[in-house]
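Working through the structure, step by step
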2 protein chains.
Amino acid sequence: MVMSEKSITAAILVIGDEILSGRTKDKNIGYIAEYLTGLGIDLCEVRVVRDIEEEIVAAVNALRTRYTYLFTTGGIGPTHDDITADSIARALGVGIDYDERALAMMRERYAPGELNEARMRMARIPFGAELIANPISKAPGFMVENVITMAGVPSIMQAMLDDVATRLETGVKVIAETIDAKGLPEGKYAGALAEIDKAHPEVSIGSYPSFTGEGFRNQIVVRGRSRAAIDAAMDDIRRVLARITGDGAPA
Amino acid sequence: MVMSEKSITAAILVIGDEILSGRTKDKNIGYIAEYLTGLGIDLCEVRVVRDIEEEIVAAVNALRTRYTYLFTTGGIGPTHDDITADSIARALGVGIDYDERALAMMRERYAPGELNEARMRMARIPFGAELIANPISKAPGFMVENVITMAGVPSIMQAMLDDVATRLETGVKVIAETIDAKGLPEGKYAGALAEIDKAHPEVSIGSYPSFTGEGFRNQIVVRGRSRAAIDAAMDDIRRVLARITGDGAPA
């Protein structure tokens, strides 16, 4: 991996009617998000679109031109609704055909008589692509220009992400520190937190409520790339929280 | 609810840095997707964007003009990073101010001394909006034109969805039937499935592999609004699967 001083950004495009119908619950977005954060790559946008070529092409072009990397998941299997590879070739304006390297990988899995037309579809790869290994079912993903195309099945996607990660330019890792505001309601500290956020432009501060049924449990998260800046903001936040609870205000 | 003969479509816009950093795993997309399918509303697109006003405004305008409804989640709390209401007002070109109805709801929860400036922010509602009840923490969601703005906390979002659903125009429900292809690999039936898909234009047919570690378990899903058309396609698919397994091909 090449560590860069400049900001490295990314988007995810999830391709699949089954996610939009609610039949399948996506597990890839959260996984990739956490993975990229660990690499110092900022995930900036996610889209989910239908299995319609025009929709995929439009989303690929909107996202690949805007961010350092675009990761796609889904639609690279052997069935008629698997149209991702062709859509990406069209979006990039490159050709697509059966790829000898991909066919070689698939011959490891399928006996000659088993490699039928439908399975051969999985070896259709846009011109100029590097392949991404699939240790589980062999049919590879690929990276062409800055677009990284992976399977939708989570275990395969995760293996492909491990394979492609070593080729990515990565950034300075974001440090995220959490202060548990416990039972203290957001509304009690929101004003002070806004002032702290303004006073510390090097960090971003978020407040995230979750509701357990018994009440809210709020967490304040300070994110940034400078340890000193984060520590300074954290000190200010802790001071404010102590002042509020010390005032005898109900927690 | 008003049942419509025409197709009713929707998009979801998830607003929140915490989803993009992977810190919080979204639970709303899948829930809303399934809920809308149950109402006969076709979810066509999802986007996740950062807590940046320009990004929110651009996504709101791209989606609200394209689909019957746009549902947003997140960013309507009391802290400085909660900028959804103002962003939506800006996207729609309408004003925004403290809303007397929203304030009345919040006075049910907060004693006069507790309703500070930060909490008052949650009563800022775009002009012309209908409110959406929040039985858990009172601060309401809202619907303005075709944009439905809800909380990000799943339990609150779900309650808001129940409240707003009664006001939505709904469509003819999609019927989805699943045929379990069991251990039969996709590549064995993909060619025949493509032909069946072409022969039955009234339905859409998808094949969804999942990998358990022991092998693939594929499911074929037939979706459509006509029971007769679905049954005809299902008959053809079952015939093909029986032929493949009956041929003595390995399952």
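Residues numbered from 1 in each chain as written. Chains lettered and ligands numbered in written order. Predicted model: local features only at pLDDT ≥ 70, side-chain atom pairs only at ≥ 80, totals over all residues. Heavy atoms only, no water.

**Some words on the pairing of strand E12 (residues 204-211) of chain B**
Residues and elements named next belong to chain B. Note: E12 against strand E13 (residues 216-224), eight bridges, orientation antiparallel. Residue Ser-207 lies in a different strand from E13, and its bridge partner there is Ile-220. Connecting E12 to the next strand, E13, in antiparallel fashion are four residues, including Gly-213 with a positive phi near 100°. (Pairing = 2+ DSSP bridges. Helix = DSSP H or I, 4+ residues; strand = E, 2+ residues; numbered from the N terminus.)

**Focus: the interface of chain B and chain A**
Note: interface size is frequently given as the accessible area lost on complex formation between the parts. At the junction of the two partners, chain B supplies 58 residues and chain A supplies 58 residues. Note on chain B versus chain A: buried area summed over both sides is about 4,800 Å², and carbon and sulfur give 56% of it. Considering only the surface of chain B that becomes buried against chain A, Arg23(B), His80(B) and Tyr208(B) emerge as the three largest contributors, covering 13% of it. Counting the contacts that link chain B with chain A gives six salt bridges. The salt bridge partner of Glu55(A) is Arg66(B), with a shortest N-O separation of 2.6 Å. Along the contact surface separating chain B from chain A lie 18 residue pairs in polar contact (both at pLDDT 80 or more). (Contact = heavy atoms within 4.5 Å. Buried area = accessible area lost by both parts, 1.4 Å probe. Salt bridge = Lys/Arg side-chain N within 4 Å of Asp/Glu carboxyl O. Polar contact = N/O pair within 3.5 Å; in protein donor to acceptor, adjacent residues only side chain to side chain.)

**Some points on the relation of the copies chain B and chain A**
When chain B is fitted to chain A, the residual RMSD is 0.0 Å, and the transformation amounts to a turn of 180° plus an axial shift of 0.0 Å. In short, the pair behaves as if placed about a two-fold rotation axis. Closest approach to the rotation axis among the C-alpha atoms of chain B is made by Arg47(B), whose C-alpha sits 2.2 Å away. In this assembly, 100% of the residues forming the interface of chain B have copies in chain A that are likewise at the interface, indicating an isologous arrangement. (Least-squares fit on C-alpha atoms with pLDDT ≥ 70 in both.)

**Notes on the domain arrangement of chain A**
Here chain A is partitioned into domain 1 (2-170) and domain 2 (175-246). Each of domain 1 of chain A and domain 2 of chain A has a C-alpha centre, and the two are 37 Å apart. (Domains from an automatic or database assignment.)

**A word on the sheet that holds strand E12 (residues 204-211) of chain A**
Residues and elements named next belong to chain A. In space, the three strands of this open sheet follow the order E11-E13-E12, with antiparallel pairing throughout. Because the sheet does not close on itself, it has two edges, and the strands there are strand E11 (175-182) and E12. Looking at each pair of strands side by side, their axes are set apart by 25° on average, direction ignored. Pairing between E11 and strand E13 (residues 216-224): seven bridges, direction antiparallel. Pairing of Ala-176 across the sheet is with Arg-223, part of E13. Contacting E11, E12 and E13, helix H8 (residues 186-199) crosses the sheet at an angle of about 165° to E12. (Axes fitted to C-alpha atoms, helices over the stretch in contact; angles between N-to-C directions.)

**Quick word on the sheet that holds strand E7 (residues 130-132) of chain A**
Reading across the sheet, the 12 strands line up as E7(A)-E8(A)-E9(A)-E4(A)-E2(A)-E3(A)-E3(B)-E2(B)-E4(B)-E9(B)-E8(B)-E7(B) and stay open at both edges, with mixed pairing between neighbours. Looking along the sheet, the strands with just one partner apiece sit at the ends: E7 of chain A together with strand E7 (130-132) of chain B. Ignoring strand direction, the axes of neighbouring strands in this sheet form an average angle of 20°. The sheet contact formed by strand E4 (residues 69-73) of chain B and strand E9 (residues 147-150) of chain B spans four bridges and is parallel.

**Re the side chain of Thr73(B)**
Residue and element names in this part refer to chain B. Here Thr-73 is to be found in strand E4. A relative accessible area of 2% means that Thr-73 is categorised as buried. The contacts of Thr-73, once residues within four sequence positions are left out, are Leu-13, Val-14, Ile-15, Asn-28, Ile-32, Met-150, Ala-151, Gly-152 and Met-157. (Buried < 20%, exposed > 50% of the residue type's maximum accessible area, 1.4 Å probe, protein only.)

**Let's talk about the packing of helix H8 (residues 186-199) of chain B against helix H9 (residues 227-246) of chain B**
Residues and elements named next belong to chain B. Two elements in contact, H8 and H9, have axes whose closest approach is 10 Å; the angle formed by their N-to-C orientations is 155°. Taken as axis vectors, H8 and H9 run roughly antiparallel relative to one another. Between H8 and H9 the crossing geometry is right-handed. Across from Lys-188, Tyr-189, Ala-192, Leu-193 and Ile-196 in H8, the residues of H9 making contact are Ala-233, Asp-236, Ile-237, Val-240, Leu-241, Arg-243 and Ile-244. Split by residue class, the contact of H8 with H9 holds nine nonpolar, no polar and three charged. (Parallel < 35°, antiparallel > 145°, perpendicular 65-115°, else oblique. Left-handed = near helix turned anticlockwise from the far one by under 90°. Nonpolar A, V, L, I, M, F, W, Y, C, P; charged D, E, K, R; others polar.)

**Observations regarding the packing of aromatic side chains**
By the definition in use, this model includes six aromatic pairs over all chains. With 4.9 Å between their ring centres and 50° between their planes, Phe211(B) and Phe216(B) make a pair best called tilted. Assessed through its relative accessible area of 24%, Phe211(B) is described here as partly exposed. A relative accessible area of 22% means that Phe216(B) is categorised as partly exposed. The ring centre of Tyr98(A) lies 5.9 Å from the NZ or CZ of Arg124(A), which sits over that ring. (Phe/Tyr/Trp six-rings, centres within 6.5 Å; stacked < 30°, edge-to-face > 60°. Lys NZ or Arg CZ within 6 Å of the ring centre and 35° of its normal.)

**Digging into the nonpolar core**
Tyr69(A), Phe71(A), Ile148(A), Tyr69(B), Phe71(B) and Ile148(B) are the most contacted members of the largest nonpolar core, which has 62 residues in total. Those residues within four positions of Tyr69(A) in sequence are excluded, and the remaining contacts are Ile8(A), Thr9(A), Ala10(A), Ala11(A), Ile41(A), Met143(A), Asn146(A), Ile148(A), Leu168(A) and Glu169(A). (Core = buried A, V, L, I, M, F, W, Y, C linked by side-chain atoms within 4.5 Å.)

**Observations regarding helix H4 (residues 84-92) of chain A**
Residue and element names in this part refer to chain A. Extensive coverage of H4 is indicated by the burial of seven of its nine residues. For H4, the complete set of buried residues consists of Thr-84, Ala-85, Ser-87, Ile-88, Ala-89, Ala-91 and Leu-92. After H4 finishes, the residue Gly-93 shows a positive phi value of roughly 70°.

**Quick notes on H9(B)**
Residues and elements named next belong to chain B. Helix length check: H9 (20 residues) gives 28 Å between terminal C-alpha atoms against 28 Å at 1.5 Å per residue, within 8%. Among all positions of H9, only Ala-229, Ile-230, Ala-233, Met-234, Ile-237, Val-240, Leu-241 and Ile-244 are buried. Along the long axis of H9, the arc covered by the buried residues comes to 125°, so they all point the same way. For H9, the exposed residues set more than 90 degrees away from the buried face come down to Ala-228, Arg-239, Arg-243 and Gly-246. Contacts made by the buried residues of H9 are with strand E11 (175-182), H8, E12 and E13. (Expected span 1.5 Å × (residues − 1). Arc of directions from axis to C-beta.)

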